[in-house]
Amino acid sequence: MFSYGKEYQVIVVGAGHAGCEAALAAARIGCSTLLLNLSLDTVAQMSCNPAIGGLAKGHLVKEIDALGGEMGLNIDVTGIQFRVLNTRKGPAVRASRAQADRRAYALRMKQVLEAESRLDLKQGAVDALEVEGNRVVGVKTREGITYRGQNVVLTTGTFMRGLIHVGLNHYPGGRAGEPPSIGLSDNLRSLGLQVGRLKTGTPARLDRNSIDFCRLEEQFGDDHPRPFSFLNRRIEQSQVSCYITYTNERTHEIIRQGLDRSPLYSGIIEGVGPRYCPSIEDKVVRFPDKDRHQLFLEPEGLQSNEIYPNGVSTSLPPDVQLAFLRSISGLEQVEIMRPGYAIEYDYVDPIQLQPTLETKLIEGLFHAGQINGTSGYEEAAAQGLIAGINAACRARGEEPLILRRDQAYIGVLIDDLINLGAPEPYRMFTSRAEYRLLLREDNADQRLTPFGRKVGLVDDKRWALFEGKLDQLGRAREIAARVRVAPGDRKQVARLGLPDLNNGASLEELLRRPQLTIKDLAWLDEELEGFPGEVLEQLEIETKYAGYIRRQEDEVARFRKTEEVRIPEDFHYAGIGGMSAEVIEKLEKIRPRTLGQAARIPGVTPAAVAILSVLLRRG
């Protein structure tokens, strides 16, 4: 075994979405960082859908950007269709989504990594950790190289003992056309970590030239594409359309006839699949009364003929895939360029993690992404960013960054993982956040940019822009409270359509009326009208939802009284009267840091929390 002879402060294993964010964060904070990937040709690869954002996922991307991460900047440059979802619903559940040019997205991210001065990007397959006592000190690769490092972040994706299924055929692979990682999960087991098995899948890729787009419903992007990054004001690149079609009863019948050759229904697949992103055969079986399912045909890039059929993930045999696809309107002559497949892979139960994403068993070892049982690029990138920050903070002897549930969707994500584990692939939803009206996309920078500044990821330029936005928002609030419309201003009253304005009203008071928007009112003051759209939008949200926001802030204040009660690391649960053996076992296993965390552990009863509270207050 050859020792490379250079010691790093942070080593990141895997250059997917989690690994890229982790490595960039550690290097930008000031640590010597190594990023290892199985192949340098697959950095930031989009294994499944070539898109970033979506419901709740868009919130995560905005938060990554606000903290100083790269994902938002990368998609703003390489996105080919931008849409804001749920525009008819409240601001808490509106979400940004962008279709990406797959190749451009990966290429730009690799260029960013290569340009980072404190970051070394190298090819290598890690098959074991170097551990001394209970502390990680480096990694070993199957190429026979040992790299020494003070901290290691594992972001292995679907590669640990990856097994690909296409019909009844299966073969080792971490992704189609790429070998799996063999040995690392066994090494983690030998170190005492609990390793499980999950499953995910992807649809076939279709040849654009074989699709009859005239028979499909065209889906346009937004007229004025909204960037993800708070640093950007506009999207410069050209935009494309996606298309919509539907399965039908003939499609479903073909799928049902092929279930005897489905690895999912023949018992070949052992891993637990994603409940919220089921395969098309799963949809047909679980929802027999539904006569059709929607498909979104999404381009893989401006220079590619491949089309991603979102909504028909499958592991059925190739002949069944082709048959059911050709039963769909617009796809009667379709050609498959790459068949769909399912993949099983090893993950490590995230209950074994601290809120910093460092493992409890091994000091300096952090996990992020699908190794923690999550699904989705955005969930992975969010974890990678936090793991990279905290690995760097540990190397520099600084306080870690831990985000609470009331501060960020990232806080909700990590808190769920370390308390609930991941018995199935975890996906973020707005419904998982108790305080989602406080955790909107539009205010992610106000919530998190100060944290990014504190850890060293927000530079002077971004900080100046942030402070400028806060100043503009403060002035906009002052104008809205000061400027009034009097009953005698007949032209203004008529233009606003307010026959009931008898005593006059400030712009703030008018903005609370459901029928009026900030666009209806901004013209009443020249300075207000000149503010950027994001400032006016935030003023409108804050004003219209002020009562609901105050109510949630009061709930957070009550929550924090419990949440902030610390539990000593060496607290002994064994022998506490009034607690069942099951409760004590769970508390011993997870070892919550606070009383609030203990209360969120499944099976820990309110009575047990009350007992803990009394004991902690007694000291």
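Residues numbered from 1 in each chain as written. Predicted model: local features only at pLDDT ≥ 70, side-chain atom pairs only at ≥ 80, totals over all residues. Heavy atoms only, no water.

## Structural notes on the sheet that holds strand 19 (residues 341-348)
Strand order in the open sheet made by the four strands is 11-10-19-12, with antiparallel pairing throughout. Since the sheet does not close on itself, it has two edges, and those belong to strand 11 (169-172) and strand 12 (195-202), each with one partner. With strand direction ignored, the average angle separating the axes of adjacent strands in the sheet is 25°. In terms of strand pairing, strand 12 meets strand 19 through eight bridges, oriented antiparallel. Of the residues in strand 19, the one forming a bridge with Leu-198 is Tyr-345. (Pairing = 2+ DSSP bridges. Helix = DSSP H or I, 4+ residues; strand = E, 2+ residues; numbered from the N terminus. Axes fitted to C-alpha atoms, helices over the stretch in contact; angles between N-to-C directions.)

## Observations concerning the UniProt feature "binding site: FAD" (unreviewed entry) in the chain
The positions that UniProt labels "binding site: FAD" (unreviewed entry) are, in the present scheme, Gly-14, Ala-15, Gly-16, His-17, Ala-18, Gly-19, Val-126, Ser-181 and Gln-370. Here Gly-14 shows up in the loop between strand 1 (2-13) and helix 1 (17-29). Ignoring any residue separated from it by four or fewer positions in sequence, one finds Gly-14 in contact with Gly-19, Leu-35, Leu-36, Asn-37 and Thr-155. Looking at the element boundaries, Gln-370 is found in the loop between strand 20 (365-367) and helix 9 (377-396). In this structure, Gln-370 is in contact with Gly-157, Thr-158, Tyr-345 and Tyr-347, ignoring residues within four places of it in sequence. (UniProt positions renumbered as here; feature names shortened; annotations may be inferred. Contact = heavy atoms within 4.5 Å.)

## Observations concerning the side chain of Arg-447
Here Arg-447 lies in helix 11 (residues 444-455). For Arg-447, a relative accessible area of 14% puts it in the buried group. For Arg-447, the side chain forms a polar contact with the main-chain oxygen of Arg-440, separated by 2.8 Å. Setting aside residues no more than four positions away along its own chain, Arg-447 makes contact with Glu-63, Gln-407, Ala-408, Leu-438, Leu-439 and Arg-440. (Buried < 20%, exposed > 50% of the residue type's maximum accessible area, 1.4 Å probe, protein only. Polar contact = N/O pair within 3.5 Å; in protein donor to acceptor, adjacent residues only side chain to side chain.)

## Looking at the nonpolar core
For soluble globular proteins, nonpolar side chains are generally found buried alongside one another. Grouped together as the largest cluster of nonpolar side chains are 72 residues, with contacts concentrated most on Ile-389 and Ile-410. Here this core takes eleven residues from helix 9, the largest share from any one element. Leave out the neighbours within four places in its chain, and Ile-389 touches Ala-25, Ile-29, Leu-401, Val-455 and Leu-457. Val-493, Leu-496, Leu-511 and Leu-536 belong to the second-largest nonpolar core, a separate cluster that totals 24 residues. (Core = buried A, V, L, I, M, F, W, Y, C linked by side-chain atoms within 4.5 Å.)

## Notes on the pattern of salt bridges
According to the stated counting rule, one finds 48 salt bridges in the structure shown. Among the salt bridges present, the one from Lys-110 reaches Glu-114, with a minimum N-O distance of 3.8 Å. Pair noted here: Lys-110 and Glu-114 are both in helix 4 (residues 102-115), with a separation of four residues, about one helical turn. Through salt bridges that share partners, Arg-161, Asp-186, Arg-189, Arg-197 and Asp-346 make up one connected network. (Salt bridge = Lys/Arg side-chain N within 4 Å of Asp/Glu carboxyl O.)

## Considering the domain arrangement of the chain
By domain assignment, the chain separates into domain 1 (460-551) and domain 2 (564-618). Between the C-alpha centres of domain 1 and domain 2 the distance comes to 48 Å. (Domains from an automatic or database assignment.)

## A short note on helix 1
Across its 13 residues, helix 1 extends 18 Å between first and last C-alpha, which sits within 8% of the 18 Å expected from 1.5 Å per residue. Among the 13 residues of helix 1, twelve are classified as buried, and the element is accordingly described as predominantly covered. His-17, Ala-18, Gly-19, Cys-20, Glu-21, Ala-22, Ala-23, Leu-24, Ala-25, Ala-26, Ala-27 and Ile-29 are the residues of helix 1 that are buried. Residue Gly-30 follows helix 1 closely and has a positive phi angle near 125°. (Expected span 1.5 Å × (residues − 1).)

## Details of the packing of aromatic side chains
Tallied over the full model, the rule gives seven aromatic pairs. Taking the centre distance of 6.5 Å and the plane angle of 50° together, the rings of Phe-82 and Phe-228 count as tilted. Taken together, the residues Phe-82 in strand 4 (residues 79-85) and Phe-228 in the loop between strand 14 (217-219) and strand 15 (242-246) connect sequence positions 146 residues apart. Judged on exposure class, the residue Phe-82 and its partner Phe-228 are both buried. On the basis of an interplanar angle of 40° and a centroid distance of 5.2 Å, the ring pair of Trp-463 and Phe-466 is categorised as tilted. Taken together, the residues span about one helical turn, with Trp-463 and Phe-466 both in helix 12 (residues 460-482) at a distance of three residues. Look at Phe-466 and you get buried, because its relative accessible area is 8%. Its guanidinium or amino end placed over the ring of Phe-230, Lys-62 lies 5.1 Å from that ring's centre, counting from NZ or CZ. The ring of Tyr-426 carries Arg-432 above its face, with NZ or CZ at 4.1 Å from the centroid. (Phe/Tyr/Trp six-rings, centres within 6.5 Å; stacked < 30°, edge-to-face > 60°. Lys NZ or Arg CZ within 6 Å of the ring centre and 35° of its normal.)

## Points about the environment of Ala-395
By the element assignment, Ala-395 lies in helix 9. Taking the C-alpha atoms as reference points, Ala-395 and Arg-286, separated by 109 residues in sequence, lie 49 Å from one another. Discounting chain neighbours no more than four positions away, the residues touching Ala-395 are Gln-9, Cys-31, Gln-150 and Asn-151.

## Section: helix 3 (residues 71-78)
When you tally the buried positions in helix 3, you get seven out of eight residues, the bulk of the element. Taken together, the buried positions of helix 3 are occupied by Met-71, Gly-72, Leu-73, Asn-74, Ile-75, Asp-76 and Thr-78.

## Quick look at the sheet that holds strand 13 (residues 205-207)
Pairing in this open sheet of six strands is antiparallel, and the strands run 14-15-16-17-13-18 from one edge to the other. Two strands bound the open sheet, and with one partner strand each, they are strand 14 and strand 18 (336-338). Neighbour-to-neighbour, the strand axes of this sheet turn through a mean angle of 35°, independent of strand direction. Two elements, strand 15 and strand 16 (residues 294-299), share four bridges in a ladder whose sense is antiparallel. Across the sheet, the residue bridging to Ile-244 is Phe-296, located in strand 16.

## Some words on the packing of helix 2 (residues 57-67) against helix 9
Between helix 2 and helix 9, the least distance of the axes is 9 Å, while the angle of their chain directions is 25°. One finds that helix 2 runs roughly parallel with respect to helix 9. In the crossing of helix 2 with helix 9, the sense of the turn from one axis to the other is left-handed. Packed against helix 2, whose contacting residues are Lys-57, Leu-60, Val-61, Ile-64 and Leu-67, the element helix 9 presents Glu-378, Glu-379, Ala-381, Ala-382, Leu-385 and Ile-386 at the interface. Class assignment for the residues of the contact of helix 2 with helix 9 results in eight nonpolar, no polar and three charged. (Parallel < 35°, antiparallel > 145°, perpendicular 65-115°, else oblique. Left-handed = near helix turned anticlockwise from the far one by under 90°. Nonpolar A, V, L, I, M, F, W, Y, C, P; charged D, E, K, R; others polar.)

## Topic: the pairing of strand 10 (residues 163-166)
Both strand 10 and strand 11 contribute to a ladder of four bridges, which runs antiparallel. Across the sheet, the residue bridging to Val-166 is Asn-169, located in strand 11. Counting the residues that bridge the hairpin from strand 10 to strand 11 gives two residues, and of these Gly-167 lies at a positive phi of roughly 65°.

## As for the pairing of strand 17 (residues 306-310)
Taken across its five residues, strand 17 has four buried, putting it largely inside the fold. Pairing of strand 13 with strand 17, which is carried by two bridges, proceeds in the antiparallel orientation. Across the sheet, the residue bridging to Leu-206 is Ile-307, located in strand 17. Alignment of strand 16 against strand 17, held across four bridges, turns out to be antiparallel. In the strand pairing of strand 17, Phe-296 is matched with Asn-310. As consecutive antiparallel partners, strand 16 and strand 17 are separated by six residues.

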